[in-house]
Amino acid sequence: MSTVTPDGPRAKILGQNELVEPGSDLALCGVFMEIVRARFRGQNVGLPWIWTDDPRPDPDETNQASSESGAPGTPPKPRRLTVETDLLDDPEARSGRPAVFVGVEESVYNKFVIGDRYGVRREDRFEAYTALVINSMKIDVVATKRGESSVLANIVWRHLMATKNIVRATFSIHEIGDFKKGKTQPYRRDPNHQDAYTTPILFNVAIEERWFTRPNAPLIQEIMVRFNAAGNGDPLQGAVTLALYNGQTK
Amino acid sequence: MALTLVITRVTPLYPEGFFLQWTLQGLDPRVGGVYQFVLERSGGPVGPWEAVGQPLPDTYSALDRMEQPVGTAYRDTRRANVFGLNRAIYYRVRVTTPTGETAEAVTDTSPDLDPKMAQYWRKGLYNFAKAMRVNGVPIAVCKRRRWGTRCPVCVDKVVREPLRGACTTCYGTGFTDGFFTPVWVRGQRGAPGNTSLNTPEGRQDSNGVIVRLPHSVMIEQGDVLVFSRDGKRFMCDRQGETQISTTTIHQLANVTEIPRDNVIYRVRVDTTSPVPMI
(Lines give C-alpha, C1' and ligand atoms only; values in the text may rest on other atoms or scores of the structure.)
Protein backbone atom coordinates (compact mmCIF):
# COMPACT_ATOMS: atom_id res chain seq x y z
CA MET A 1 0.00 0.00 0.00
CA SER A 2 1.36 3.40 -0.90
CA THR A 3 2.21 5.75 1.95
CA VAL A 4 1.64 8.73 -0.30
CA THR A 5 -2.06 8.82 0.47
CA PRO A 6 -3.80 12.07 1.27
CA ASP A 7 -5.96 12.54 4.33
CA GLY A 8 -8.99 13.52 2.30
CA PRO A 9 -8.59 16.09 -0.45
CA ARG A 10 -6.20 18.04 1.73
CA ALA A 11 -2.48 18.75 2.01
CA LYS A 12 -1.80 16.16 4.66
CA ILE A 13 -0.72 12.53 4.64
CA LEU A 14 -3.22 9.96 5.84
CA GLY A 15 -2.35 8.91 9.37
CA GLN A 16 -0.71 12.14 10.50
CA ASN A 17 -1.60 13.36 13.95
CA GLU A 18 -4.86 15.30 14.24
CA LEU A 19 -3.01 18.30 15.70
CA VAL A 20 -1.19 18.71 12.40
CA GLU A 21 -3.39 20.95 10.31
CA PRO A 22 -3.58 20.35 6.56
CA GLY A 23 -1.22 22.68 4.77
CA SER A 24 0.81 23.45 7.90
CA ASP A 25 4.58 23.09 8.10
CA LEU A 26 4.60 19.54 9.38
CA ALA A 27 1.89 18.48 6.95
CA LEU A 28 3.85 19.78 3.97
CA CYS A 29 7.07 18.26 5.28
CA GLY A 30 5.30 14.92 5.50
CA VAL A 31 3.83 15.20 2.01
CA PHE A 32 7.07 16.00 0.23
CA MET A 33 9.14 13.64 2.34
CA GLU A 34 6.87 10.78 1.26
CA ILE A 35 7.03 11.92 -2.34
CA VAL A 36 10.83 11.87 -2.30
CA ARG A 37 10.80 8.47 -0.60
CA ALA A 38 8.48 7.15 -3.30
CA ARG A 39 11.13 7.93 -5.91
CA PHE A 40 13.69 5.73 -4.17
CA ARG A 41 11.43 2.97 -2.92
CA GLY A 42 10.79 -0.50 -4.28
CA GLN A 43 11.69 -1.35 -7.84
CA ASN A 44 14.25 1.39 -8.15
CA VAL A 45 15.58 0.50 -11.55
CA GLY A 46 18.69 2.33 -12.64
CA LEU A 47 19.62 4.09 -9.42
CA PRO A 48 22.32 3.15 -6.92
CA TRP A 49 20.31 4.51 -3.96
CA ILE A 50 17.26 3.08 -2.27
CA TRP A 51 15.08 4.12 0.62
CA THR A 52 13.67 1.62 3.08
CA ASP A 53 12.32 2.07 6.57
CA ASP A 54 15.30 0.06 7.85
CA PRO A 55 18.30 2.42 7.69
CA ARG A 56 20.90 -0.30 8.23
CA PRO A 57 23.14 -0.83 5.19
CA ASP A 58 22.64 -4.14 3.49
CA PRO A 59 25.75 -6.31 4.03
CA ASP A 60 25.62 -7.24 0.33
CA GLU A 61 25.42 -3.66 -0.88
CA THR A 62 27.44 -3.13 -4.01
CA ASN A 63 26.33 0.46 -4.39
CA GLN A 64 25.81 -0.05 -8.09
CA ALA A 65 22.80 0.81 -10.18
CA SER A 66 20.85 -2.21 -11.33
CA SER A 67 21.69 -1.29 -14.90
CA GLU A 68 25.41 -1.84 -14.30
CA SER A 69 27.22 -5.13 -14.45
CA GLY A 70 27.57 -7.20 -11.33
CA ALA A 71 28.24 -10.83 -10.54
CA PRO A 72 26.35 -13.00 -13.04
CA GLY A 73 22.86 -13.78 -11.89
CA THR A 74 23.12 -11.45 -8.91
CA PRO A 75 21.34 -8.12 -9.13
CA PRO A 76 23.35 -5.26 -7.67
CA LYS A 77 22.06 -3.89 -4.40
CA PRO A 78 21.71 -0.15 -4.02
CA ARG A 79 22.92 1.88 -1.07
CA ARG A 80 20.55 3.04 1.67
CA LEU A 81 19.42 6.66 1.36
CA THR A 82 18.21 8.65 4.37
CA VAL A 83 15.09 10.73 3.71
CA GLU A 84 13.75 12.64 6.70
CA THR A 85 12.23 15.94 7.68
CA ASP A 86 14.68 18.52 8.91
CA LEU A 87 15.29 19.21 12.59
CA LEU A 88 14.41 15.61 13.49
CA ASP A 89 15.43 15.38 17.11
CA ASP A 90 16.11 11.67 17.38
CA PRO A 91 16.53 9.98 14.01
CA GLU A 92 17.41 6.32 13.95
CA ALA A 93 20.33 6.89 11.59
CA ARG A 94 22.53 9.61 12.99
CA SER A 95 24.68 11.42 10.45
CA GLY A 96 23.49 9.07 7.72
CA ARG A 97 24.93 9.86 4.30
CA PRO A 98 23.72 10.36 1.65
CA ALA A 99 20.64 12.06 3.00
CA VAL A 100 17.69 14.18 1.86
CA PHE A 101 16.13 16.55 4.40
CA VAL A 102 12.76 18.23 3.78
CA GLY A 103 11.74 21.41 5.55
CA VAL A 104 9.64 24.56 5.35
CA GLU A 105 11.52 27.84 5.52
CA GLU A 106 8.68 30.29 5.98
CA SER A 107 5.00 30.80 5.19
CA VAL A 108 3.29 34.04 4.24
CA TYR A 109 -0.30 35.00 3.52
CA ASN A 110 -0.67 36.41 0.04
CA LYS A 111 -3.68 38.63 -0.81
CA PHE A 112 -5.20 37.96 -4.21
CA VAL A 113 -8.69 39.47 -3.85
CA ILE A 114 -9.74 42.83 -2.48
CA GLY A 115 -10.29 42.58 1.23
CA ASP A 116 -9.69 38.83 0.99
CA ARG A 117 -13.49 38.58 0.52
CA TYR A 118 -14.88 35.38 -0.89
CA GLY A 119 -18.58 36.03 -0.31
CA VAL A 120 -21.26 37.27 2.08
CA ARG A 121 -24.71 36.02 3.24
CA ARG A 122 -26.88 38.91 4.18
CA GLU A 123 -29.37 37.00 6.33
CA ASP A 124 -26.92 36.43 9.19
CA ARG A 125 -24.03 38.56 7.94
CA PHE A 126 -21.93 35.44 7.45
CA GLU A 127 -18.75 36.55 5.58
CA ALA A 128 -16.23 34.19 3.94
CA TYR A 129 -12.62 35.10 3.14
CA THR A 130 -9.82 33.54 1.14
CA ALA A 131 -6.08 34.03 0.67
CA LEU A 132 -3.13 32.09 -0.67
CA VAL A 133 -0.52 30.88 1.80
CA ILE A 134 2.88 30.70 0.13
CA ASN A 135 5.14 28.16 1.84
CA SER A 136 8.82 28.27 0.96
CA MET A 137 10.11 24.70 0.95
CA LYS A 138 13.74 23.73 1.20
CA ILE A 139 15.18 20.30 0.55
CA ASP A 140 18.85 19.69 1.36
CA VAL A 141 20.68 16.84 -0.32
CA VAL A 142 23.74 16.01 1.78
CA ALA A 143 26.47 13.55 0.74
CA THR A 144 30.12 12.90 1.42
CA LYS A 145 31.01 13.53 -2.20
CA ARG A 146 30.31 16.62 -4.21
CA GLY A 147 29.42 14.55 -7.24
CA GLU A 148 26.98 12.41 -5.28
CA SER A 149 25.25 15.43 -3.77
CA SER A 150 24.92 17.02 -7.19
CA VAL A 151 23.62 13.91 -8.95
CA LEU A 152 21.15 13.04 -6.18
CA ALA A 153 19.86 16.61 -6.03
CA ASN A 154 19.31 16.56 -9.75
CA ILE A 155 17.21 13.41 -9.47
CA VAL A 156 15.11 14.81 -6.62
CA TRP A 157 14.69 18.15 -8.36
CA ARG A 158 13.47 16.61 -11.58
CA HIS A 159 11.22 14.20 -9.70
CA LEU A 160 9.51 17.08 -7.91
CA MET A 161 9.01 18.97 -11.14
CA ALA A 162 7.69 15.96 -12.99
CA THR A 163 5.19 15.02 -10.28
CA LYS A 164 3.96 18.46 -9.37
CA ASN A 165 0.64 18.27 -11.26
CA ILE A 166 -0.18 14.89 -9.75
CA VAL A 167 0.69 16.19 -6.29
CA ARG A 168 -1.37 19.32 -6.79
CA ALA A 169 -4.42 17.34 -7.78
CA THR A 170 -4.02 14.72 -5.06
CA PHE A 171 -3.42 17.09 -2.18
CA SER A 172 -5.55 20.03 -3.34
CA ILE A 173 -2.58 22.32 -3.58
CA HIS A 174 -3.13 25.53 -5.48
CA GLU A 175 0.32 25.72 -7.06
CA ILE A 176 3.81 24.23 -6.76
CA GLY A 177 6.48 26.14 -8.55
CA ASP A 178 9.69 28.13 -8.83
CA PHE A 179 11.87 25.06 -8.50
CA LYS A 180 15.41 26.22 -7.89
CA LYS A 181 18.44 24.01 -7.37
CA GLY A 182 21.23 25.87 -5.63
CA LYS A 183 24.97 25.46 -5.84
CA THR A 184 26.57 22.44 -4.21
CA GLN A 185 28.47 23.74 -1.21
CA PRO A 186 30.86 22.26 1.36
CA TYR A 187 28.98 21.44 4.52
CA ARG A 188 30.23 20.77 7.99
CA ARG A 189 28.01 21.56 10.91
CA ASP A 190 30.42 20.35 13.55
CA PRO A 191 34.23 20.42 13.54
CA ASN A 192 34.17 16.80 14.68
CA HIS A 193 32.31 15.65 11.58
CA GLN A 194 33.70 14.48 8.29
CA ASP A 195 33.51 16.74 5.30
CA ALA A 196 30.27 16.68 3.37
CA TYR A 197 28.55 18.60 0.59
CA THR A 198 25.00 19.89 0.40
CA THR A 199 22.83 20.97 -2.51
CA PRO A 200 19.68 22.94 -1.69
CA ILE A 201 16.45 22.62 -3.67
CA LEU A 202 14.01 25.47 -3.15
CA PHE A 203 10.42 25.78 -4.29
CA ASN A 204 7.14 27.37 -3.28
CA VAL A 205 3.88 25.64 -2.38
CA ALA A 206 0.73 27.76 -2.50
CA ILE A 207 -2.30 26.57 -0.59
CA GLU A 208 -5.64 28.30 -0.64
CA GLU A 209 -6.86 29.13 2.86
CA ARG A 210 -10.47 30.05 3.67
CA TRP A 211 -12.06 31.33 6.81
CA PHE A 212 -15.32 33.02 7.83
CA THR A 213 -16.76 35.42 10.36
CA ARG A 214 -20.28 35.60 11.68
CA PRO A 215 -21.27 38.32 14.16
CA ASN A 216 -23.05 36.87 17.23
CA ALA A 217 -24.25 40.09 18.96
CA PRO A 218 -26.97 40.96 16.39
CA LEU A 219 -28.28 37.38 16.55
CA ILE A 220 -28.52 37.47 20.30
CA GLN A 221 -30.14 40.90 20.16
CA GLU A 222 -32.78 39.61 17.76
CA ILE A 223 -33.55 36.70 20.05
CA MET A 224 -34.01 39.04 23.00
CA VAL A 225 -36.39 41.25 20.99
CA ARG A 226 -38.56 38.26 20.14
CA PHE A 227 -38.59 37.06 23.75
CA ASN A 228 -39.63 40.51 24.97
CA ALA A 229 -42.34 40.75 22.35
CA ALA A 230 -43.70 37.29 23.13
CA GLY A 231 -43.65 37.94 26.89
CA ASN A 232 -45.02 41.48 26.78
CA GLY A 233 -41.79 42.87 28.19
CA ASP A 234 -40.90 39.83 30.26
CA PRO A 235 -38.20 37.88 28.36
CA LEU A 236 -38.50 34.85 30.61
CA GLN A 237 -42.25 34.60 30.04
CA GLY A 238 -41.63 35.12 26.37
CA ALA A 239 -39.12 32.26 26.25
CA VAL A 240 -41.61 29.92 27.95
CA THR A 241 -44.38 31.01 25.61
CA LEU A 242 -42.22 30.44 22.55
CA ALA A 243 -41.05 27.11 23.80
CA LEU A 244 -44.56 25.83 24.60
CA TYR A 245 -46.34 27.27 21.58
CA ASN A 246 -43.46 26.95 19.10
CA GLY A 247 -43.45 30.67 18.38
CA GLN A 248 -47.17 31.03 18.12
CA THR A 249 -48.84 33.41 20.55
CA LYS A 250 -52.12 32.62 22.21
CA MET B 1 78.16 -10.12 6.51
CA ALA B 2 74.90 -10.52 4.62
CA LEU B 3 74.12 -8.38 1.64
CA THR B 4 72.36 -5.20 2.72
CA LEU B 5 70.90 -2.42 0.64
CA VAL B 6 70.95 1.00 2.27
CA ILE B 7 69.09 4.00 0.91
CA THR B 8 71.50 6.77 1.80
CA ARG B 9 69.60 9.85 0.75
CA VAL B 10 66.23 11.04 -0.55
CA THR B 11 66.26 14.55 -1.95
CA PRO B 12 62.97 16.26 -2.71
CA LEU B 13 62.85 18.11 -6.01
CA TYR B 14 59.52 19.90 -5.78
CA PRO B 15 57.30 20.01 -7.70
CA GLU B 16 58.55 17.10 -9.79
CA GLY B 17 59.49 14.35 -7.41
CA PHE B 18 62.40 12.82 -5.53
CA PHE B 19 65.98 11.86 -6.18
CA LEU B 20 67.15 8.71 -4.41
CA GLN B 21 70.60 7.36 -3.77
CA TRP B 22 71.54 4.00 -2.33
CA THR B 23 74.47 1.72 -1.75
CA LEU B 24 75.21 -1.92 -1.03
CA GLN B 25 76.96 -3.32 2.01
CA GLY B 26 78.26 -6.80 2.62
CA LEU B 27 79.20 -7.37 -1.01
CA ASP B 28 81.01 -10.55 -1.87
CA PRO B 29 84.11 -9.38 -3.80
CA ARG B 30 84.24 -12.67 -5.69
CA VAL B 31 80.90 -12.01 -7.36
CA GLY B 32 81.08 -10.13 -10.63
CA GLY B 33 78.37 -9.14 -13.04
CA VAL B 34 75.40 -6.87 -13.32
CA TYR B 35 73.49 -5.90 -10.18
CA GLN B 36 69.87 -5.32 -11.14
CA PHE B 37 67.99 -2.66 -9.14
CA VAL B 38 64.29 -1.95 -9.16
CA LEU B 39 62.79 1.23 -7.74
CA GLU B 40 59.20 1.06 -6.49
CA ARG B 41 56.83 3.57 -5.02
CA SER B 42 53.78 3.38 -2.70
CA GLY B 43 51.60 5.56 -0.50
CA GLY B 44 52.04 3.18 2.44
CA PRO B 45 55.20 1.65 3.95
CA VAL B 46 54.11 -1.93 3.21
CA GLY B 47 52.72 -1.42 -0.28
CA PRO B 48 51.26 -2.45 -2.59
CA TRP B 49 54.20 -1.25 -4.66
CA GLU B 50 54.28 0.06 -8.19
CA ALA B 51 57.41 0.09 -10.31
CA VAL B 52 58.98 3.43 -11.13
CA GLY B 53 60.43 3.30 -14.60
CA GLN B 54 62.46 0.43 -15.95
CA PRO B 55 64.84 -1.82 -13.98
CA LEU B 56 68.17 -0.10 -13.26
CA PRO B 57 71.24 -2.21 -14.00
CA ASP B 58 74.32 -1.24 -11.96
CA THR B 59 72.72 2.07 -11.03
CA TYR B 60 72.93 3.59 -7.56
CA SER B 61 70.60 6.54 -7.95
CA ALA B 62 67.33 7.35 -9.63
CA LEU B 63 65.06 10.32 -10.19
CA ASP B 64 61.35 9.70 -9.78
CA ARG B 65 59.62 12.36 -11.86
CA MET B 66 56.22 10.85 -11.23
CA GLU B 67 55.41 10.43 -14.89
CA GLN B 68 52.06 9.23 -16.18
CA PRO B 69 52.24 5.42 -16.18
CA VAL B 70 52.92 4.05 -19.62
CA GLY B 71 49.79 2.98 -21.47
CA THR B 72 47.40 4.98 -19.31
CA ALA B 73 45.44 8.15 -19.90
CA TYR B 74 45.05 10.85 -17.28
CA ARG B 75 41.27 10.41 -17.32
CA ASP B 76 41.61 6.79 -16.21
CA THR B 77 44.69 6.97 -14.03
CA ARG B 78 46.03 9.76 -11.90
CA ARG B 79 49.79 9.74 -11.61
CA ALA B 80 51.55 10.09 -8.28
CA ASN B 81 52.26 13.65 -7.27
CA VAL B 82 53.59 15.75 -4.44
CA PHE B 83 51.15 18.63 -4.65
CA GLY B 84 49.60 17.87 -1.29
CA LEU B 85 51.53 19.68 1.44
CA ASN B 86 51.24 16.64 3.65
CA ARG B 87 51.77 13.96 1.00
CA ALA B 88 53.47 10.79 2.26
CA ILE B 89 55.37 8.71 -0.27
CA TYR B 90 57.44 5.60 0.38
CA TYR B 91 60.10 4.03 -1.82
CA ARG B 92 61.40 0.51 -1.97
CA VAL B 93 64.61 -0.44 -3.74
CA ARG B 94 65.23 -4.08 -4.52
CA VAL B 95 68.45 -5.57 -5.79
CA THR B 96 69.16 -8.90 -7.44
CA THR B 97 72.80 -9.91 -7.59
CA PRO B 98 74.36 -11.91 -10.42
CA THR B 99 74.14 -14.98 -8.15
CA GLY B 100 70.43 -14.44 -7.52
CA GLU B 101 70.76 -13.11 -4.00
CA THR B 102 68.25 -10.34 -3.18
CA ALA B 103 67.97 -7.49 -0.75
CA GLU B 104 65.63 -4.58 -0.35
CA ALA B 105 65.16 -1.40 1.66
CA VAL B 106 62.18 0.84 2.30
CA THR B 107 62.33 4.54 3.08
CA ASP B 108 60.09 7.53 3.42
CA THR B 109 61.11 10.95 2.15
CA SER B 110 62.10 12.57 5.42
CA PRO B 111 65.49 14.30 5.56
CA ASP B 112 68.70 12.92 7.09
CA LEU B 113 70.07 13.93 10.45
CA ASP B 114 73.65 14.55 11.47
CA PRO B 115 74.97 11.92 13.86
CA LYS B 116 74.43 13.83 17.09
CA MET B 117 70.87 14.83 16.23
CA ALA B 118 70.22 11.30 15.03
CA GLN B 119 71.21 10.13 18.51
CA TYR B 120 68.64 12.39 20.12
CA TRP B 121 66.12 11.33 17.52
CA ARG B 122 66.60 7.66 18.30
CA LYS B 123 66.25 8.41 22.00
CA GLY B 124 62.98 10.20 21.33
CA LEU B 125 61.70 7.23 19.34
CA TYR B 126 62.73 4.85 22.08
CA ASN B 127 60.98 6.90 24.77
CA PHE B 128 57.81 7.06 22.78
CA ALA B 129 57.83 3.34 22.04
CA LYS B 130 58.36 2.64 25.71
CA ALA B 131 55.43 4.81 26.67
CA MET B 132 53.24 3.09 24.12
CA ARG B 133 53.97 -0.28 25.65
CA VAL B 134 51.98 0.86 28.67
CA ASN B 135 49.38 3.26 27.32
CA GLY B 136 49.25 2.37 23.66
CA VAL B 137 46.85 0.18 21.76
CA PRO B 138 47.18 -1.56 18.39
CA ILE B 139 46.09 0.68 15.55
CA ALA B 140 45.82 -0.23 11.88
CA VAL B 141 46.65 2.76 9.73
CA CYS B 142 44.88 2.66 6.37
CA LYS B 143 46.63 5.12 4.10
CA ARG B 144 44.22 6.56 1.60
CA ARG B 145 45.12 6.29 -2.06
CA ARG B 146 45.85 9.64 -3.70
CA TRP B 147 46.84 8.33 -7.12
CA GLY B 148 46.32 5.27 -9.27
CA THR B 149 43.54 3.81 -11.35
CA ARG B 150 40.34 5.78 -10.99
CA CYS B 151 37.32 3.85 -9.82
CA PRO B 152 35.58 2.38 -12.88
CA VAL B 153 32.23 2.27 -11.04
CA CYS B 154 31.66 5.69 -9.57
CA VAL B 155 34.08 8.22 -11.01
CA ASP B 156 32.94 10.52 -13.77
CA LYS B 157 36.05 10.65 -15.92
CA VAL B 158 35.38 14.07 -17.40
CA VAL B 159 34.95 16.03 -14.19
CA ARG B 160 36.91 13.36 -12.28
CA GLU B 161 34.42 13.35 -9.44
CA PRO B 162 33.32 10.28 -7.51
CA LEU B 163 29.55 10.09 -7.75
CA ARG B 164 28.96 7.67 -4.88
CA GLY B 165 30.23 8.24 -1.40
CA ALA B 166 29.57 4.62 -0.45
CA CYS B 167 31.16 2.91 -3.44
CA THR B 168 32.38 -0.56 -2.46
CA THR B 169 35.03 -0.52 -5.19
CA CYS B 170 36.87 2.61 -4.11
CA TYR B 171 35.32 3.20 -0.64
CA GLY B 172 34.68 6.81 -1.54
CA THR B 173 38.30 7.63 -2.43
CA GLY B 174 37.81 7.63 -6.19
CA PHE B 175 40.68 5.17 -6.72
CA THR B 176 40.32 1.42 -7.10
CA ASP B 177 40.83 -0.42 -3.79
CA GLY B 178 40.64 2.83 -1.90
CA PHE B 179 43.47 2.33 0.56
CA PHE B 180 46.99 0.96 0.69
CA THR B 181 47.76 -2.14 2.76
CA PRO B 182 46.95 -1.43 6.43
CA VAL B 183 49.96 -0.97 8.67
CA TRP B 184 49.86 -1.87 12.34
CA VAL B 185 51.41 0.54 14.83
CA ARG B 186 51.05 1.13 18.51
CA GLY B 187 49.58 4.47 19.51
CA GLN B 188 47.53 6.24 22.12
CA ARG B 189 43.96 7.46 21.69
CA GLY B 190 42.80 10.32 23.86
CA ALA B 191 39.55 10.57 25.77
CA PRO B 192 36.42 10.73 23.58
CA GLY B 193 34.75 14.05 22.85
CA ASN B 194 31.20 12.86 22.18
CA THR B 195 28.71 15.55 21.25
CA SER B 196 25.17 15.41 19.93
CA LEU B 197 23.95 18.46 18.02
CA ASN B 198 20.47 19.30 16.84
CA THR B 199 20.96 20.78 13.41
CA PRO B 200 18.68 21.71 10.53
CA GLU B 201 19.62 18.32 9.17
CA GLY B 202 18.43 16.46 12.21
CA ARG B 203 20.32 15.33 15.27
CA GLN B 204 23.91 14.44 14.54
CA ASP B 205 26.41 12.69 16.79
CA SER B 206 30.10 13.38 16.57
CA ASN B 207 33.27 12.31 18.36
CA GLY B 208 36.62 13.99 17.95
CA VAL B 209 39.77 12.73 19.65
CA ILE B 210 43.52 13.18 19.52
CA VAL B 211 45.70 10.20 18.69
CA ARG B 212 49.45 9.93 19.27
CA LEU B 213 51.24 7.83 16.73
CA PRO B 214 54.85 6.92 15.95
CA HIS B 215 56.67 8.50 13.07
CA SER B 216 56.81 5.32 11.02
CA VAL B 217 53.61 5.98 9.04
CA MET B 218 52.99 9.61 8.22
CA ILE B 219 49.30 10.40 8.61
CA GLU B 220 47.45 12.58 6.14
CA GLN B 221 43.95 14.01 6.09
CA GLY B 222 41.55 11.29 4.97
CA ASP B 223 43.60 8.38 6.32
CA VAL B 224 41.64 5.93 8.44
CA LEU B 225 42.70 4.56 11.82
CA VAL B 226 41.21 1.25 12.91
CA PHE B 227 41.33 0.39 16.60
CA SER B 228 41.30 -3.36 17.03
CA ARG B 229 40.35 -3.16 20.68
CA ASP B 230 36.86 -1.74 20.14
CA GLY B 231 36.49 -1.90 16.37
CA LYS B 232 35.98 1.84 16.02
CA ARG B 233 37.25 3.64 12.97
CA PHE B 234 38.37 7.23 12.81
CA MET B 235 39.33 9.52 9.98
CA CYS B 236 42.22 11.94 10.24
CA ASP B 237 41.34 15.57 10.01
CA ARG B 238 44.53 17.32 10.98
CA GLN B 239 48.06 16.16 11.67
CA GLY B 240 50.92 17.64 13.65
CA GLU B 241 54.41 16.42 14.52
CA THR B 242 57.03 16.58 17.22
CA GLN B 243 60.30 17.02 15.46
CA ILE B 244 64.00 17.30 16.01
CA SER B 245 65.84 19.20 13.29
CA THR B 246 62.75 18.86 11.04
CA THR B 247 62.72 15.08 11.44
CA THR B 248 59.63 13.60 13.00
CA ILE B 249 59.75 11.77 16.31
CA HIS B 250 56.04 11.18 16.73
CA GLN B 251 52.74 12.53 15.42
CA LEU B 252 49.57 14.01 16.81
CA ALA B 253 46.47 13.43 14.73
CA ASN B 254 43.06 15.06 15.24
CA VAL B 255 40.62 12.38 14.18
CA THR B 256 36.84 12.14 14.02
CA GLU B 257 34.85 8.97 14.44
CA ILE B 258 33.28 7.67 11.27
CA PRO B 259 29.50 7.03 11.37
CA ARG B 260 28.80 3.33 11.84
CA ASP B 261 26.95 2.90 8.55
CA ASN B 262 29.80 4.33 6.50
CA VAL B 263 31.28 2.17 3.76
CA ILE B 264 34.72 2.49 5.36
CA TYR B 265 33.67 -0.16 7.83
CA ARG B 266 33.84 -2.52 4.87
CA VAL B 267 37.58 -1.93 4.32
CA ARG B 268 39.15 -5.27 5.24
CA VAL B 269 41.37 -5.05 8.27
CA ASP B 270 42.14 -8.22 10.19
CA THR B 271 41.70 -7.15 13.79
CA THR B 272 41.86 -10.62 15.24
CA SER B 273 45.61 -10.96 15.33
CA PRO B 274 47.20 -7.51 15.26
CA VAL B 275 50.95 -7.66 15.11
CA PRO B 276 52.69 -4.33 15.51
CA MET B 277 54.77 -4.15 12.41
CA ILE B 278 56.39 -0.80 12.81
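Please refer to the structure placed before this passage.
Peer 1: Give a description of the nonpolar core that names residues and reports values.
Peer 2: Phe32, Phe40, Ile139, Leu160, Ile201, Phe203 and Val205 of chain A are the most contacted members of the largest nonpolar core, which has 36 residues in total. Put simply, the parts of the chain that give this core at least two residues each are α1 (25–39), β4 (99–110), β6 (126–143), α2 (146–171), β7 (175–181) and β9 (196–213) of chain A. Looking at this core element by element, the count peaks at eight residues for α2 of chain A. With sequence-adjacent residues up to four places away left out, Phe32 of chain A is seen in contact with Val102, Met137, Leu160, Val167, Ile176, Phe203 and Val205 of chain A. In this structure, Leu5, Val82, Val95 and Phe180 of chain B belong to the second largest nonpolar core, which totals 25 residues.

Peer 1: Which residues make up the environment of Phe227 of chain B, and what are the values?
Peer 2: Residue and element names in this part refer to chain B. Tracing the sequence through the fold places Phe227 in strand β17 (residues 224–227). Using a relative accessible area of 2% as the deciding quantity, one classes Phe227 as buried. When the C-alpha atoms of Phe227 and Arg260 are compared, they prove to be 14 Å apart, with 33 residues separating the residues in sequence. In this view, Phe227 contacts Val137, Pro138, Ile139, Arg189, Val211, Lys232 and Phe234; residues no more than four positions away in its chain are not counted.

Peer 1: So what's going on with the packing of aromatic side chains? Residues and values would help.
Peer 2: The tally for this structure, following the rule as stated, stands at eleven aromatic pairs over all chains. Plain terms: the ring middles of Phe227 of chain B and Phe234 of chain B are 5.4 Å apart, the flat faces sit at 80° to each other, and that makes the pair edge-to-face. Taken individually, Phe227 of chain B and Phe234 of chain B each receive the classification buried, so the pair is uniform in this respect. Through pairs of rings, three or more aromatic residues link up here, namely Phe32, Phe179 and Phe203 of chain A. Positioned above the aromatic ring of Phe126 of chain A, the side-chain terminus of Arg121 of chain A is 4.7 Å from the ring centre.

Thresholds, definitions, all that
- For every chain, the first residue of the written sequence is number 1, and numbering continues from 1 along that sequence.
- Written order determines the labels here, with chains lettered from A and ligands numbered from 1.
- It should be noted that, the model being predicted, local features are given only for residues of pLDDT at least 70 and side-chain atom pairs only at 80 or more, the latter also being counted only at that level, while totals for whole chains, interfaces and linings use all residues.
- Think of the side-chain values as coming from all heavy atoms in the structure, minus any hydrogens and water.
- By nonpolar core is meant a set of buried Ala, Val, Leu, Ile, Met, Phe, Trp, Tyr and Cys residues that side-chain atoms within 4.5 Å join together.
- Throughout, exposure labels follow a simple rule: accessible area from a 1.4 Å probe, protein chains only, divided by the maximum for the residue type, with under 20% read as buried, over 50% as exposed, and the rest as partly exposed.
- Strands are runs of DSSP state E lasting at least 2 residues, helices are runs of H or I lasting at least 4, and numbering of each runs from the N terminus.
- The criterion used for residue contact is that any of the two residues' heavy atoms lie within 4.5 Å.
- Side-chain rings of Phe, Tyr and Trp, where Trp is taken by its six-membered ring, are said to pair if the distance between their centres is within 6.5 Å; with planes under 30 degrees apart they count as stacked, over 60 as edge-to-face, and otherwise as tilted.
- For a lysine, the NZ atom is tested; for an arginine, the CZ atom; a charge sits over a ring if that atom is within 6 Å of the ring centre and within 35 degrees of the ring normal.

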